[in-house]
Amino acid sequence: MSFTVSSQTLTPKISIQNKDTLFCFTIPQSKVIAKHLQNSTYCDSVLIQTENEVELLNHKQAVNDSSLLVMKMKTENQQNIMSNQEGEIGNLNLKLGQTEKTIKGERWQKRLFAAGTFLFAALYILK
């Protein structure tokens, strides 16, 4: 495996053993490299956690959007039900008015019939 590493202060000693190239660092250089590796691992874990949180937030947003859509549909259905009920109430009020007129007409007919019967009975008795 071949690669190039450049650093201002971390220049390794290169050693070749059995056709392998080895890069040898001193203990202070190894500590600096370990610190950088640990920081990069921490950054990777933060990145993964942030990506997970973004995914969770996107999922919650999708759920929220679908809930909002369902609530809008329910509101529209309730509005339709209310308008249908108002129409039905209007029809019932119209039928009630017609029924009241019919009942009043029948009362007058009964009164006229009773008065006519009384008048004919009185005329029959007087005759």
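### Digging into the overall build of the protein chain
Point 1. Along its length, the protein chain carries 1 helix and 2 strands.
Point 2. In sequence order, the protein chain lays out its α and β elements as β-β-α.
Point 3. On the principal axes, the C-alpha backbone points of the protein chain span a range of 155 × 25 × 20 Å.
Point 4. Counting all 127 residues of the protein chain, 2% fall into the buried class.
Point 5. Carbon and sulfur atoms make up 61% of the accessible area of the protein chain, which amounts to about 12,300 Å² in all.
Point 6. In the protein chain, 14 side chains carry a positive charge and 11 a negative one; their mean positions are 12 Å apart.

### Overview of a positive patch on the surface
Point 1. A cluster of basic residues, K101, K104, R107, K110 and R111, forms a positive patch on the protein surface.
Point 2. Its location among the elements puts K104 in helix 1 (residues 27-126).
Point 3. The class for K104 is exposed, based on a relative accessible area of 53%.

### So, the pairing of strand 2 (residues 20-24)
Point 1. Pairing analysis gives 5 bridges linking strand 1 (residues 13-17) to strand 2, with the strands arranged antiparallel. Within strand 2, the residue paired with S15 across the bridge is L22.

### As for the confidence of the model for the protein chain
Point 1. Of all residues in the protein chain, 92% have pLDDT values of 70 or greater, and the mean over the chain is 86.
Point 2. Per-element averaging of pLDDT across the protein chain places strand 1 at the bottom with 78 and helix 1 at the top with 90.

### Topic: the pairing of strand 1
Point 1. For strand 1, the buried fraction is low: 0 of the 5 residues fall into the buried class.
Point 2. Here strand 1 folds back onto strand 2, and the loop between the two strands holds 2 residues, one of which, N18, carries a positive phi near 50°.

### A short note on a nonpolar patch on the surface
Point 1. Where nonpolar side chains cluster on the molecular surface, the patch consists of I14, I16, F23 and F25 and spans about 400 Å² of accessible area.
Point 2. Residue placement: I14 occurs in strand 1.
Point 3. Overall, the relative accessible area of 60% leaves I14 in the exposed class.

### Digging into the environment of L22
Point 1. With respect to the secondary-structure elements, L22 resides in strand 2.
Point 2. Residue L22 is classed as partly exposed on the basis of its relative accessible area, which comes to 34%.
Point 3. Measuring from C-alpha to C-alpha, the distance between L22 and Q49 comes to 36 Å, with 27 residues separating the pair along the chain.
Point 4. Every residue in contact with L22, bar those within four places of it in the chain, is listed here: K13, I14, S15 and Q17.

Criteria and cut-off values
- Residues numbered from 1 in each chain as written.
- Predicted model: local features only at pLDDT ≥ 70, side-chain atom pairs only at ≥ 80, totals over all residues.
- Heavy atoms only, no water.
- Helix = DSSP H or I, 4+ residues; strand = E, 2+ residues; numbered from the N terminus.
- Buried < 20%, exposed > 50% of the residue type's maximum accessible area, 1.4 Å probe, protein only.
- Areas by Shrake-Rupley, 256 points an atom, 1.4 Å probe, with all protein chains shown as cover.
- Lys, Arg positive; Asp, Glu negative; His and termini not counted.
- Charge placed at Lys NZ, Arg CZ, Asp CG, Glu CD.
- Patch = residues over 30% accessible without salt bridge, like charges linked within 9 Å, V, L, I, M, F, W, Y side chains within 5 Å.
- Salt bridge = Lys/Arg side-chain N within 4 Å of Asp/Glu carboxyl O.
- Pairing = 2+ DSSP bridges.
- pLDDT = per-residue confidence, 0-100.
- Contact = heavy atoms within 4.5 Å.

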